[in-house]
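Close look at the chain arrangement
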Amino acid sequence: MITHSVSGEALVAIDLLNHKLDRAFDHIDASGNGVVEREDLLGLGARILVGFGESPTSLTGASLVDGFGGIWATLSQTLERDPDFTISRLDFRTGMISAFVMGDRYDAVFRPATVAVAELCDGDRDGEIGPGEFRTMLSAFGVAYDDVDEAFDRLDRTGRGRLTVDELVLAASDYYRSEDPNAAGNWLFGPL
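About the cut-offs
Each residue is numbered by its place in its chain's sequence as written, counting from 1. Local features in this predicted model are restricted to residues whose pLDDT is 70 or higher, and side-chain atom pairs enter the listing and the counts only when it is 80 or higher, whereas totals over whole chains, interfaces and linings include all residues. The side-chain values count all of the structure's non-hydrogen atoms but skip hydrogen atoms and water molecules. In this text, helices come from DSSP runs of H or I with a minimum length of four residues, and strands from runs of E with a minimum of two, each type numbered from the N-terminal end. Radius of gyration here uses only the C-alpha atoms, and the compact-globule reference equals 2.2 Å multiplied by the residue count raised to the power 0.38. Partly exposed residues are those whose accessible area sits between 20% and 50% of the maximum for their type, while under 20% is buried and over 50% is exposed, using a 1.4 Å probe and protein chains only. We call two residues in contact when some of their heavy atoms are within 4.5 Å. The method behind every accessible area is Shrake-Rupley, applied with a 1.4 Å probe, and residues are considered shielded solely by the protein chains displayed. Residues counted as positive are Lys and Arg, residues counted as negative are Asp and Glu, and His and the chain ends are not counted. We put the charge of a Lys on NZ, of an Arg on CZ, of an Asp on CG and of a Glu on CD. Salt bridges are defined by distance alone: a side-chain nitrogen of Lys or Arg within 4 Å of a carboxyl oxygen of Asp or Glu. Confidence of the predictor at the level of single residues is given by pLDDT, which spans 0 to 100. We define a nonpolar core as any set of buried Ala, Val, Leu, Ile, Met, Phe, Trp, Tyr and Cys residues linked to one another through side-chain atoms lying within 4.5 Å.

**Side note on the overall build of the protein**
- Within the protein, the secondary structure is distributed over eight helices and four strands.
- Secondary structure elements of the protein, listed N to C terminal, follow the sequence α-β-α-α-β-α-α-β-α-α-β-α.
- Taken against the 2.2 N^0.38 rule, which gives 16 Å for 192 residues, the C-alpha radius of gyration of the protein at 16 Å falls within 12% of a compact globule.
- When its C-alpha atoms are laid out on the principal axes, the protein stretches across 45 × 40 × 30 Å.
- Of all 192 residues assigned to the protein, the portion counted as buried reaches 45%.
- Of the contacts formed within the protein by residues at least 6 apart in sequence, a portion of 62% connects residues at least 24 apart.
- When the accessible surface of the protein is totalled, it reaches about 9100 Å², and 52% of it is carbon and sulfur.
- Taking the 16 positively charged and 33 negatively charged side chains of the protein as two groups, their mean positions are separated by 1 Å.

**Description of the pattern of salt bridges**
- Taken as a whole and assessed by the stated rule, the structure comprises 10 salt bridges.
- Residue Asp-91 pairs with Arg-81 through a salt bridge whose shortest N-O separation is 2.5 Å. With Asp-91 in helix α4 (residues 89-101) and Arg-81 in the loop between α3 (59-78) and β2 (87-88), the pair connects residues that are 10 residues apart, well separated along the chain.
- Classification of Arg-81 as partly exposed rests on a relative accessible area of 29%.

**Focus on the environment of Cys-121**
- Positionally, Cys-121 belongs in helix α5 (residues 106-121).
- Setting aside anything within four residues of it in sequence, one finds Cys-121 in contact with Phe-52, Ile-129, Glu-133, Met-137 and Leu-168.

**Description of the confidence of the model for the protein**
- Looking at the protein, the pLDDT average stands at 91 and 93% of residues meet or exceed 70.
- Note that residues 1-8 has pLDDT below 50 and, in this model, 14 contacts with residues that lie over four places away or in other chains.

**A few points about the environment of Val-65**
- Of note, Val-65 is situated in helix α3.
- The sequence separation of Val-65 and Leu-44 amounts to 21 residues, and the corresponding C-alpha distance is 9.8 Å.
- When near neighbours in sequence (up to four residues on either side) are disregarded, Val-65 contacts Leu-42, Leu-49 and Pro-56.

**Re the nonpolar core**
- Phe-134 and Leu-188 are the most contacted members of the largest nonpolar core, which totals 55 residues.
- Considering each element in turn, this core owes the most residues, 10 residues, to α5.
- In this structure, Leu-188 is in contact with Phe-134, Met-137, Leu-138, Ala-151, Leu-155, Leu-168, Ala-171, Ala-172 and Tyr-175, ignoring residues within four places of it in sequence.

This is the structure we're talking about:
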């Protein structure tokens, strides 16, 4: 995890993590008003569900809604905020790092949400995600169309033209938690 030394290597890792978290903040802040609230995160979930034609009351849809709600509740609790308050970019970084990067809440709270998203991408339930399904997911996150193919190719390290659900879940963990600038998961949402 992120160290607190002032070495150049640690600063690069902190800058990389902050950059990735800022990008995640922008995915949630679809209005671009500089703050996010619970409805913004649930709106991201709704865009994903609509993209895949999934009902929020289906098993997978409910898992996604519950997962995103759990992320928001954990952020609010970590930041000692009322769940109805807005969160600034800096507070988002602080909450994410405290709860999910350095804290112990990733596996219990964040990972189930990533599993729900990955399972939505696997529409035929064969355990694999193709480029079209990946594109649908990234469109919901607001990723530029031109960046999707490169992101998919970077994550598809075997070159077989498919990602497994597990590979996508691992990529999310790398994106949100890894300080390695060469981690494949850094490409989850396209080039940094």
